[in-house]
Amino acid sequence: MTDPNCIFCKIGAGEIPTNKVYEDEECIAFRDMEPLMPTHVLIIPKDHYRDITDDVPAATLGHCFSVVKTIAEQEGLTNGFRILVNTGDDASQSVKHFHIHILGGGHMPRPNDQDWGEHATNSSKFYSA
Ligand code: DGP
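These remarks concern the structure in this document.

## A word on the packing of aromatic side chains
Counted according to the given criterion, the structure contains two aromatic pairs. Both rings, one in Phe8 and one in Phe30, keep their centres 5.4 Å apart while their planes meet at 80 degrees; by these two values the pair is edge-to-face. Residue Phe8 is located in helix 1 (residues 7-12), and its partner Phe30 is located in strand 2 (residues 27-31); the two are separated by 22 residues in the primary sequence. The same class applies to Phe8 and to Phe30, which are both buried. With a centroid separation of 6.5 Å and 45 degrees between ring planes, the pair formed by Phe65 and Phe98 is classed as tilted. In this pair, Phe65 sits in helix 2 (residues 58-74) while Phe98 sits in the loop between strand 4 (81-84) and strand 5 (100-104), placing the two residues 33 residues apart along the sequence. Owing to a relative accessible area of 1%, Phe98 belongs among the buried residues under this scheme.

So this is what it looks like as structure tokens:
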């Protein structure tokens, strides 16, 4: 099921051109238009789910996450990468269609308190050596 008002549904259906890096029957991966890292790819299911809590079938979730490895290999992210799934307003999810960010191509420090926002607790207490 797709949502005619959803930009990612339109990308998934091929109605809007995008910088596609992978596609199969169930999902599509394309480059984020506001890249935060040299490699910044989004994986989306073609069906519309608002976010990861929107009763996404386990098979669809599993498939999308299994594609992460394919993209990482394709993009040459041999030294590691980060995946991110912003969910809802507290996480500043801007496009309400479930998607997985893959970020890589360079070292990413752990997010610090400032990055997490005003409500963050002191991250050093979790990560001190
Ligand atoms: P999030 O904040 O997790 O909802 O991230 C949404 C990302 O989607 C954001 O980094 C920008 C990207 N984005 C939004 N619209 C488009 C689009 O039309 N094309 C592409 N390639 N990326 C988009």
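## Concerning the layout of surface pockets
Approximately 1200 Å³ is the volume found for the largest pocket. Along its surface, the largest pocket is lined by 32 residues, and Leu36, Leu84, Asn86, Ala91 and His101 are the ones closest to its centre. If you list the elements that add at least two residues to the lining of the largest pocket, you get helix 1, strand 2, strand 3 (39-45), strand 4, strand 5 and helix 3 (113-116). Considering each element in turn, the lining of the largest pocket owes the most residues, three residues, to helix 1. Partitioning the lining of the largest pocket into residue classes produces 16 nonpolar, nine polar and seven charged. By volume, the second largest pocket is sized at about 170 Å³. For the lining of the second largest pocket, the per-class residue count stands at three nonpolar, seven polar and one charged.

## Some thoughts on the site of the ligand
In the vicinity of the ligand lie 17 residues, with Arg31, Asp32, Asn86, Ser94 and His101 positioned nearest. Separating an oxygen atom of the ligand from a side-chain N or O atom of Asp32 is a distance of 2.5 Å. A distance of 2.7 Å separates an oxygen atom of the ligand from a polar backbone atom of Ser94. Considered on its own, the ligand offers 510 Å² of accessible surface; in the complex 86% of this is hidden by protein. Secondary-structure elements contributing two or more residues to the shell around the ligand are helix 1 and strand 2. With three residues, helix 1 is the single largest residue contributor to the shell around the ligand. A class-by-class count of the residues in the shell around the ligand yields seven nonpolar, seven polar and three charged.

Rules behind the numbers
Residues numbered from 1 in each chain as written. Predicted model: local features only at pLDDT ≥ 70, side-chain atom pairs only at ≥ 80, totals over all residues. Heavy atoms only, no water. Phe/Tyr/Trp six-rings, centres within 6.5 Å; stacked < 30°, edge-to-face > 60°. Helix = DSSP H or I, 4+ residues; strand = E, 2+ residues; numbered from the N terminus. Buried < 20%, exposed > 50% of the residue type's maximum accessible area, 1.4 Å probe, protein only. 1 Å grid on protein atoms, 1.4 Å probe; cavity = no way out; pocket = protein on both sides within 12 Å on 5 of 7 lines; lining within 4 Å. Points joined across faces, edges and corners; volume = space filled by probe spheres on them. Nonpolar A, V, L, I, M, F, W, Y, C, P; charged D, E, K, R; others polar. Near = heavy atom within 4 Å. Polar contact = N/O pair within 3.5 Å; in protein donor to acceptor, adjacent residues only side chain to side chain. Areas by Shrake-Rupley, 256 points an atom, 1.4 Å probe, with all protein chains shown as cover.

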